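Structural description and commentary
The chain contents come next:
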Amino acid sequence: MPMSMYQASIPQFVKMLTNLSNILKKGEAFAKEKNIDGAVLINDRLAPDMFPLSKQIQIACDQVKNGMARLAGVEPPKFDDHESTFEQLQERIAKTIAFAKTITPAQLEGSETKEIKFSIKEWNFEFVGDQYLLTWIIPNFYFHIATAYNILRHNGVEVGKSDYLGG
């Protein structure tokens, strides 16, 4: 029996967002221990043309809340993109996990063939549900989680593969 859209998404998103929260806790502890203003880490980026840590976390959360809402046919929660502290970023992650946990397997049943259309700035996207999950949501989600991890690691936060993958 093929894996359901729910099984391919929600449990893994919750797990990885929990891991991201734990990585972020290590970043906050590192900043306090080294007497570094947390904003330095939160605003850091790997390259001048990349988003900072805060935006990486916002986008990872948005992939889950917006993507799964589209597939489930529900309205996604609205989050302001104004997080500038570790506490605010943790709150966003927690709200995203809470929303993800409201999505039920029944809501995603049949979403494999659902037509998904949306726009980001001047770009228009059209997908079929399973393609949307497998070629858009999941890869984007992991890219932004990994980039957030890499920003913190690059700054000296002692995190490793086991932090990224979790228990």
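Refer to the preceding data block for the structure.
None of these values were measured; they are calculated from a predicted model.

Details of the environment of Leu17
- As for its placement among the helices and strands, Leu17 is situated in helix α1 (residues 10–33).
- Note: C-alpha distance between Leu17 and His154 (137 residues apart in sequence) is 20 Å.
- For Leu17, the contacting residues outside a window of four places in its chain are Cys61, Val64, Ile93, Thr96, Ile97, Phe141 and Ile145.

Comments concerning the nonpolar core
- Formed by 49 residues in total, the largest nonpolar core has its most connected members in Leu17, Ile57, Met68, Leu71 and Leu108.
- The dominant element in this core, judged by the number of residues it contributes, is helix α6 (residues 129–154), at 11 residues.
- If near-sequence neighbours (up to four positions away) are discounted, Leu108 is found in contact with Met5, Tyr6, Ser9, Ile10, Met68, Leu71, Ala72 and Ile103.

Considering the pairing of strand β2 (residues 123–128)
- Of the strand pairs in this sheet, strand β1 (residues 115–120) and β2 are connected by six bridges, and their pairing is antiparallel. Each residue of the ladder has a partner; that of Lys117, found in β2, is Glu126.
- As consecutive antiparallel partners, β1 and β2 are separated by two residues, and within that stretch Lys121 has a phi angle of approximately 55 degrees, a positive value.

Conventions adopted
Residues numbered from 1 in each chain as written. Predicted model: local features only at pLDDT ≥ 70, side-chain atom pairs only at ≥ 80, totals over all residues. Heavy atoms only, no water. Helix = DSSP H or I, 4+ residues; strand = E, 2+ residues; numbered from the N terminus. Contact = heavy atoms within 4.5 Å. Core = buried A, V, L, I, M, F, W, Y, C linked by side-chain atoms within 4.5 Å. Buried < 20%, exposed > 50% of the residue type's maximum accessible area, 1.4 Å probe, protein only. Pairing = 2+ DSSP bridges.

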